[in-house]
Amino acid sequence: MERKITIGVCVLEKKAFSAPMGQILDRLQAFGEFEVVIFGDKVILEDPVESWPTCDCLIAFYSNGYPLEKAEAYAALRKPFLINELEQQHLLHDRRKVYERLEIYGIPVPRYALVNREVLNQELDYFVEEEDYVEVHGNRFWKPFVEKPVDGDNHSIMIYYPSSAGGGMKELFRKVGNRSSDFNPEVRLVRREGSYIYEEFMPTGGTDVKVYTVGPEYAHAEARKSPVVDGVVMRNPDGKEVRYPVLLTPAEKQMAREVCIAFRQSVCGFDLLRSEGRSYVCDVNGWSFVKNSYKYYDDAACVLRKMFLEAKAPHLSSTIPPVLPWKINEPVQPSEGLTRQGSGIIGTFGQAEELRCVIAIIRHGDRTPKQKVKLKVTEEKLLNLMLKYNGGRPRSETKLKSAVQLQDLLDATRILVPRARSDRESNSEAEDIEHAEKLSQVKAVLEKGGHFSGIYRKVQLKPLKWIKVAKANGEGEEERPVEALMVLKYGGVLTHAGRKQAEELGRYFRNNMYPGEGTGLLCLHSTYRHDLKIYSSDEGRVQMSAAAFAKGLLDLEGQLTPILVSLVSKDSSMLDGLDSASIEIEAAKAMLNEIITLGAKIGHCIGSSDWPWMADGAGLPDNASDLLPKLVELTKKVTEQVKLLAMEEDEKLTETSVYDVIPPYDQAKALGKTNIDVDRIAAGLPCGSEGFLLMFARWRKLERDLYNERKERFDITQIPDVYDSCKYDLLHNAHLNLDGLDELFKVAQLLADGVIPNEYGINPKQKLKIGSKIARRLLGKILIDLRNTREEAIYVAGLKSKQEQQSKLSDAEKDESDDPLKHHTCYEEFRRCSSNGEKALDQDDEDDRETKYRLDPKYANVRTPDRHVRTRLYFTSESHIHSLMNVLQYCNLDDSLQGEDSLVCHSGLERLYKTKELDYMSYIVLRMFENTEVALEDPKRFQMEMTFSRGADLSPLEVMELRNSHVI
């Protein structure tokens, strides 16, 4: 009988007796070809290497407290076959050497830079830190970026977030209980007590992938919830972290092979970042085994057996026996039910109709009123500030967004506001007073009017006039600006009420938009069977609404900043702005003004009792022109009351020095708020960060803009803003008891319900034209989403049919046909071939370019590994919701579709006509279902369902309890 091959296990006992090691060693011994010798801690730590047991093959790897040098001496003395080479393991303790090695072998890594310090807090001339970026040797890393200690054994990794998302820092660390990261909104500056790697943050959709190799030809990958999202570790009933096996792409398999070869570690693990269709390797670990996967243990034992035999007994066959020797008594694999998310699935797989796609277009949540201050400035301090931030170009405008820039402007206004205006040229004293008021308003906004960040405040300075002056050195002339237009935009901040609305709607979607148990969505999402992408416009309130919604949808915890950065993608070209239809909108507003102020019937579209929405100006109250004077009267009444409150506040402020430093409003804290400002309300102050001075400025502007007394002219475009302010103050400032506010709200609502929908077209044809222009890119993207879903479903259905036809093939052929990697590759090829080059509306098809990642059905312990649902969420403003609704209602009126029926039935059109306001969190949902019992070529195989909600539309006048919670 041939001598058994001895496998020496030279690792610390904590590792040697771990469950994965035990499972694999037991399987190796079951082959009957190996004898396993575990050295033990006493031998490794205390005995000389000369007395260590001899072996043919050695398993040795570093862990905390392990004497790697002794193991190297033993290997040099006995020369066993090494699964993982020992000398190369030193590289793994230094992240700089790891990244260098990866680059040498051409393995993709995130963009990074090194900061090396020889002493504590050493200042380096090549390292620059600013508010929203760091610069290393001229290489700039904008926040969010990652900061890693160069010490590979130090797992305190920081992510720093941009001020535009609220700022702050998240620390990632080795799991402690159910936490793997913590967010600190106060920390904005990077560490300086050591050497660090700065790395570009790679958005991964909230999922991390860990790859485990066993030799260069075998790699197993598992996905888990990323710690960068909320830091909560998802565990099963046994307390184990929940991970799901996923397929690697061919390129990723090659990367796994290269990692093995580069570090000469047959058994190792590394983190794989999948971001925007590409994959990157970041941290590489030493010896790593998968936990709680019997199929993986089988594979690992077979691969290691082959390696040992080829190294020490090449004359023996390494062919895997038909029945693995341990299979007879193999225990049943335990269920992977989740504590927080249960084991539910979406629908019942195999029933006729299955959900394939959910597309939702959602308005943001409750916000503060949007504000704008315009003034012409001639003050030298402000003109110099413009030159400072536009590169000294006298004819170029500049935008101030960062805290540093806004602080500079605040410093300037604090000096200018108290001064007399004698040095300013003007036509009247009234003009001087108005200018001083606006400059004071700018100062007040910068001091406490909202969050101290560009996400909610921005200033634009645009030069209007300039002159030529002699250069400072006397050599020639140069231009200098002498007048500029300053535009300050602020407000529009997502309130605590808006955050609650968005979270609640996310929970509602989780429990109601996906058939079956609500927890089924979480199970799908965590197993790469839920393809989720969230898009937002560039507006802060929209971004934060998207983050709060994601928190509710995916049952996340913690603050919104990390969720926003990890899961939400900004796409301003698709979800922002009205520029594409500005001419048509202005025309509609002009026509609307004539209808209201003159009672004119200027169009030829006349509705009927059955089709009232077809008329010009449909929805306007009959007595609109009579309501306008009442609106003006009540606005003045409310403004006067707020003015008195502001005067009292101003008197209190003048008792202190105007140069007193007022701490900037902490945005990160504000974003974490979930409740009303009880203390401010008890003190009789406005809710939120708005003081009486700014509240008065808001109402004073509305009063001035709504009616021009000199010209005796109403501006109906101010009606939505008056309604907006009424609604906000009724909900958030009802405790101020402003007389007449209730009545003003009723009048403003009557007018706004008619004005707002008609601003996007005064009749269906005009609504269709404007809506098509505003929502053009969004409509194109939705069509792409639906097309891709249908193509993918057809491919998967065809693949299943083919597998059924091959069920009688030989076992070898079955194995080949069942290879999930082959199917993945085939699907990608199918996608490329089936695409007919169509690009919707000149838009780059992002979803056509992205790589589709999948659950690995061979290793997955889920009942429906083939189930896959695509979710696309688009968060935007009221304008895009109106535009999209108009297109869906009236697209059949396009000249190319004469005779077609509307997508919406008559009763649906009637209900939508009666739905006046598309309030906060209003949404449109498109769901695609597949009937698997209908032939693939049958048009009825796929069914579309459209649902709509008008959002948080309860009136604060109707439900008084709302005033207590401030949440509709």
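Residues numbered from 1 in each chain as written. Predicted model: local features only at pLDDT ≥ 70, side-chain atom pairs only at ≥ 80, totals over all residues. Heavy atoms only, no water.

A. Main features of the overall build of the chain. When helices and strands are tallied, the chain shows 30 helices and 30 strands. For the chain, with 968 residues in total, the buried portion stands at 53%. Carbon and sulfur atoms provide 49% of the accessible area of the chain, an area that totals close to 43,600 Å². (Helix = DSSP H or I, 4+ residues; strand = E, 2+ residues; numbered from the N terminus. Buried < 20%, exposed > 50% of the residue type's maximum accessible area, 1.4 Å probe, protein only. Areas by Shrake-Rupley, 256 points an atom, 1.4 Å probe, with all protein chains shown as cover.)

B. Broad picture of the sheet that holds strand β23 (residues 477-491). Sheet architecture is open: four strands sit in the order β20-β23-β22-β21, paired in antiparallel fashion. Each edge of the open sheet is held by one strand with a lone partner, namely β20 (370-377) and β21 (398-400). The average undirected angle you get between the axes of adjacent strands in this sheet is 25°. As judged from the twelve bridges shared by strand β22 (residues 458-470) and β23, these two strands associate in the antiparallel manner. The residue of β23 that forms the bridge with Val469 is Glu478. Packed onto the sheet, helix α9 (residues 403-416) meets β21, β22 and β23 and runs at close to 95° relative to β21. (Pairing = 2+ DSSP bridges. Axes fitted to C-alpha atoms, helices over the stretch in contact; angles between N-to-C directions. Contact = heavy atoms within 4.5 Å.)

C. Fine view of the sheet that holds strand β3 (residues 57-59). Spatial ordering of the open sheet is given by β2-β1-β3-β4, a layout of four strands whose pairing is parallel. In this open sheet, the two strands that pair with only one neighbour each are β2 (34-38) and β4 (81-82). Across the sheet, helix α2 (residues 19-30) touches β1 (5-9), β2 and β3, and the angle it forms with β2 is around 145°.

D. Region of the structure containing a nonpolar patch on the surface. On the surface, Ile104, Tyr105 and Ile261 cluster together to form a nonpolar patch covering roughly 260 Å² of accessible area. Mapping Tyr105 onto the fold places it in the loop between α5 (95-104) and β5 (112-115). (Patch = residues over 30% accessible without salt bridge, like charges linked within 9 Å, V, L, I, M, F, W, Y side chains within 5 Å. Salt bridge = Lys/Arg side-chain N within 4 Å of Asp/Glu carboxyl O.)

E. Structural context of the nonpolar core. Ile362, Phe509, Ile534, Phe549, Leu873 and Phe875 are the most contacted members of the largest nonpolar core, which totals 45 residues. For this core, the secondary structure elements donating two or more residues are β10 (157-160), β19 (353-363), α11 (496-512), β24 (530-536), α13 (540-553), α14 (560-567), β28 (869-876) and β29 (923-931). Take this core: its biggest share by element is eight residues, from α13. In this structure, Phe509 is in contact with Ala360, Ile362, Tyr514, Phe549, Leu553, Tyr923 and Val925, ignoring residues within four places of it in sequence. Listed in part, the 43 residues of the second largest apolar core include Leu627, Leu634, Val638 and Ile774. (Core = buried A, V, L, I, M, F, W, Y, C linked by side-chain atoms within 4.5 Å.)

F. Region of interest: empty space enclosed by the protein. Under the counting rule described, the total for this entry stands at five cavities of 30 Å³ or more. Reported here for the second largest cavity is a volume of approximately 310 Å³. Along its surface, the second largest cavity is lined by 18 residues, and Pro757, Gln889, Leu912, Tyr913 and Thr915 are the ones closest to its centre. Going through the elements one at a time, α22 (741-758), α28 (878-890) and α29 (906-914) are the ones with two or more residues in the lining of the second largest cavity. Taken domain by domain, the makeup of the lining of the second largest cavity includes at least three residues from each of domain 3 (335-366 + 495-570 + 774-802 + 864-967) and domain 5 (615-656 + 677-761). (1 Å grid on protein atoms, 1.4 Å probe; cavity = no way out; pocket = protein on both sides within 12 Å on 5 of 7 lines; lining within 4 Å. Points joined across faces, edges and corners; volume = space filled by probe spheres on them. Domains from an automatic or database assignment.)

G. Spotlight on α29. Along α29, the residues that are buried comprise Gly908, Leu909 and Leu912. For α29, the buried positions fall inside an angular range of 100° around the axis, keeping them on one side. Exposed positions of α29 whose direction lies more than 90 degrees from the buried face are Arg911 and Lys914. In this structure, the buried residues of α29 make contact with α28 and β30 (942-949). (Arc of directions from axis to C-beta.)

H. Region of interest: the packing of aromatic side chains. One pass over the full model with this rule turns up 26 aromatic pairs. Note on Phe145 and Tyr160: the rings are 5.5 Å apart at their centroids and 40° apart in plane angle, and the pair reads as tilted. Here the residue Phe145 occupies a position in strand β9 (residues 145-149), and Tyr160 occupies one in strand β10, the gap between them amounting to 15 residues. The pair Phe145 / Tyr160 is uniform in exposure class, with both members buried. (Phe/Tyr/Trp six-rings, centres within 6.5 Å; stacked < 30°, edge-to-face > 60°.)

I. Here's a closer look at the pattern of salt bridges. Across all of its chains, the model carries 61 salt bridges by this definition. Between Arg3 and Asp56 there is a salt bridge whose closest N-O contact spans 3.1 Å. Of the two residues, Arg3 sits in the segment before β1 while Asp56 sits in the loop between α3 (41-46) and β3, which places them 53 residues apart along the sequence. Of the residues examined, Arg3 reaches a relative accessible area of 58% and is grouped as exposed. Note that Glu792 and Arg870 form a salt bridge whose closest N and O atoms lie 3.0 Å from each other. Here Glu792 is found in helix α24 (residues 776-805), whereas its partner Arg870 is found in strand β28, with 78 residues between them in sequence.

J. Looking closely at the packing of helix α8 (residues 380-389) against α9. Following both chains from N to C, one finds α8 and α9 inclined at 165°, their axes separated by 10 Å at the closest point. Classified by the angle between their axes, α8 and α9 sit roughly antiparallel to one another. Handedness of the α8/α9 crossing: right-handed. Between α8, through Lys381, Leu382, Leu385, Lys388 and Tyr389, and α9, the contact on the second element is made entirely by Val404, Gln405, Asp408, Leu409, Ala412, Ile415 and Leu416. Split by residue class, the contact of α8 with α9 holds eight nonpolar, one polar and three charged. (Parallel < 35°, antiparallel > 145°, perpendicular 65-115°, else oblique. Left-handed = near helix turned anticlockwise from the far one by under 90°. Nonpolar A, V, L, I, M, F, W, Y, C, P; charged D, E, K, R; others polar.)

K. Representation of α9 within the structure. Between its terminal C-alpha atoms α9 stretches 20 Å, which fits the 20 Å expected from 14 residues at 1.5 Å a residue. Looking at α9, one finds that the buried residues are Ala403, Gln405, Leu406, Leu409, Leu410, Ala412, Thr413, Arg414 and Leu416. (Expected span 1.5 Å × (residues − 1).)

L. Fine view of unusual backbone geometry. The omega torsion across Lys143 and Pro144 is 5°, close enough to zero to call that bond cis. Positive phi values are uncommon outside glycine, yet Asn121 reaches one of about 60°. For Asn121, the position within the fold is in the loop between β5 and β6 (127-129). Although it is not a glycine, Glu276 adopts a positive phi angle of roughly 50°. Examined against the element boundaries, Glu276 turns out to sit in the loop between β17 (267-275) and β18 (278-285). In this structure Glu276 comes out as exposed when scored by relative accessible area, which is 75%.

M. Structural view of the side chain of Ser922. Structurally, Ser922 can be placed in the loop between α29 and β29. With relative accessibility at 0%, the residue Ser922 sits in the buried group. Side-chain polar atoms of Ser922 contact the backbone oxygen of Asp919, separated by 2.9 Å. (Polar contact = N/O pair within 3.5 Å; in protein donor to acceptor, adjacent residues only side chain to side chain.)

N. Region of the structure containing the pairing of strand β15 (residues 219-225). The buried fraction of β15 is high, at five of seven residues. Sheet topology note: the strand β14 (residues 207-214)/β15 ladder contains seven bridges and is antiparallel. If you follow Val211 over to β15, its bridge partner there is Ala221. Between β14 and β15, which follow one another and run antiparallel, lie four residues, and Gly215 among them has a positive phi close to 80°.

O. Structural detail: the packing of helix α21 (residues 719-732) against α22. α22 packs onto α21 with a crossing angle of 140° between their chain directions and a minimal axis gap of 8 Å. Classified by the angle their axes make, α21 and α22 are oblique. You can see that α21 and α22 cross each other, and the crossing is left-handed. In contact with Ile719, Pro720, Val722, Tyr723, Cys726, Lys727, Asp729 and Leu730 of α21, α22 contributes Leu741, Asp742, Leu744, Phe745, Ala748, Gln749, Leu751, Ala752, Val755 and Ile756. Of the residues in the contact of α21 with α22, the class split is 14 nonpolar, one polar and three charged.

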